[in-house]
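Chains, contacts and geometry: an overview
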Amino acid sequence: MKRQQWSMLATSFAITLVFALAQQFLPPIIPVMRSSLELSAGQIGILMASVALFGIVVSPFAGHLGDGWGIRKLGILGLLLVVVFEAAFALSKAFPLLIVSRLFMGAGACVLSILGAQIITRYFAGTPLLGTAMGIWNAAVPGGIVIGQLALSRIALHHGWQMPVWSIALFSAAVLGAYSLVVPRGQPARSMHESVMTALRALDRRVWLLGASWMMWNAGCMIFITFANDLLTSRGYSLQQAGTFAAMLEVLPIVVSPWLGHYMDRSRTHRQAMVIASLVFTVFSVLFVTQRSGLVLSGLGISLAYVLGPMSVFGYAPAFLQSDNSGLGYGILNMMLNVGVLIGPAVGGALRDATGAYVVSFIAGGAMTCVGAVFMAFLHDPRTEMSR
């Protein structure tokens, strides 16, 4: 059984890496795209956020299908959508076609995000390895960002913005082939005769409050992720230097997440971690945008926040989910994530266009994460209550 557990952990990591690359390949190539296609900051914000639009609508249904169809069928469908529309994005040059490609790419990516977390819960829930497995899985998203910032920005600079997109489409296709071979044909966790509305009514309401926290966290962070490269290049840094800085922010989450997941699962400190993450992110993102010196210090602070925030949410989620509704529960979390991804870059880009600077945009991003921490503070871990 242990061999199957770790095989499925690797599968979960791979499809989540595809999800991360589909969502985050754009920031490293934004400077090249803006000059090539003459896009405004507002258009870039809309383009970045558009990947989340279908995810908002699709996520609850995708999670419900994951419980009913099983992870094999739904995973293949999600990977197919990502591969096809990453290729379509690379072939597009008009802004409306880019938007349409991002929309359908987002639908496939949201399926993969849900399945990644669902696989971890299904194979590790109730075991001492849950926190560690969740931490390893959580490292896939920062891993995707590191790949994007270190590799895709350089490819875009030398070969044009389309080549990085073709590169991740090829990788997604390889994962699709491996997924279809590795994932077994399993029995669904829930009968498909139950409607999604019935399943939603049976879901623990605290999942919605956790989702609201996750939504605000992502809205705030996406402002920084989307526009940090552009801010640095406007200050005279090269595209490679800006990409290297953004990638370094993700190294700490990759290294620390497995250990932190194990610690938080044992100590039940998820709420406290989100409060600390939000305060640290706010302080250091404001310092980043207002101070030209102290770049390394700001980066360390933001990197610490990147470790704490996601682990607090996904380490907490299994406490409110059952084996037969984990897909739906993660679908709700992914829907709220996509709302945040939609709101954040659009608001940040609009504020940048209105003020001519990024200061107000980054302050707004910090404020959003703090609102998310307030939502998290109202949650109580039922596992702690049962142990009393």
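So, here's what we can say about the structure. Note that the structure is a prediction, hence the values are computed from the model and not measured. (Residues numbered from 1 in each chain as written. Predicted model: local features only at pLDDT ≥ 70, side-chain atom pairs only at ≥ 80, totals over all residues. Heavy atoms only, no water.)

1. A few points about the side chain of R72
As for its position among the elements, R72 is in helix α5 (residues 71–91). From its side chain, R72 meets the backbone oxygen of S180 in a polar contact 2.7 Å long. (Helix = DSSP H or I, 4+ residues; strand = E, 2+ residues; numbered from the N terminus. Polar contact = N/O pair within 3.5 Å; in protein donor to acceptor, adjacent residues only side chain to side chain.)

2. Examining the packing of helix α8 (residues 140–159) against helix α9 (residues 162–182)
Where α8 contacts α9, the axes come no closer than 7 Å and their chain directions differ by 135°. What the angle tells us is that α8 and α9 run oblique. Residues L152, I155, A156 and H159 of α8 pack against M163, P164, S167 and I168 of α9. (Axes fitted to C-alpha atoms, helices over the stretch in contact; angles between N-to-C directions. Parallel < 35°, antiparallel > 145°, perpendicular 65-115°, else oblique. Contact = heavy atoms within 4.5 Å.)

3. What about the environment of T355?
Tracing the chain through its elements places T355 in helix α16 (residues 326–355). The spacing of T355 and G131 is 224 residues in sequence and 43 Å in space, taken between C-alpha atoms. Polar contacts involving the side chain of T355 include one to the main-chain carbonyl oxygen of L351, which spans 2.7 Å.

4. Some points on a nonpolar patch on the surface
A cluster of nonpolar residues, L150, M248, V251, I254 and V255, forms a patch on the protein surface that exposes about 390 Å² of accessible area. Of the residues forming the nonpolar patch, the biggest block, three residues, is contributed by helix α13 (residues 251–267). Secondary-structure assignment places V255 in helix α13. Residue classification places V255 among the exposed residues on the basis of a relative accessible area of 60%. (Patch = residues over 30% accessible without salt bridge, like charges linked within 9 Å, V, L, I, M, F, W, Y side chains within 5 Å. Areas by Shrake-Rupley, 256 points an atom, 1.4 Å probe, with all protein chains shown as cover. Salt bridge = Lys/Arg side-chain N within 4 Å of Asp/Glu carboxyl O. Buried < 20%, exposed > 50% of the residue type's maximum accessible area, 1.4 Å probe, protein only.)

5. Description of α9
In a regular helix each residue adds 1.5 Å, so 21 residues correspond to 30 Å; α9 covers 31 Å between its end C-alpha atoms and thus fits that length. Turning to α9, its buried residues are P164, V165, I168, A169, S172, V175, L176 and Y179. Seen end-on, α9 carries its buried residues on one side only, within an arc spanning 135°. Across α9 from its buried face, at more than 90 degrees, point the exposed residues L170 and L181. Its buried side turned inward, α9 meets α1 (2–24), α2 (26–37), α5, α6 (95–124) and α8. (Expected span 1.5 Å × (residues − 1). Arc of directions from axis to C-beta.)

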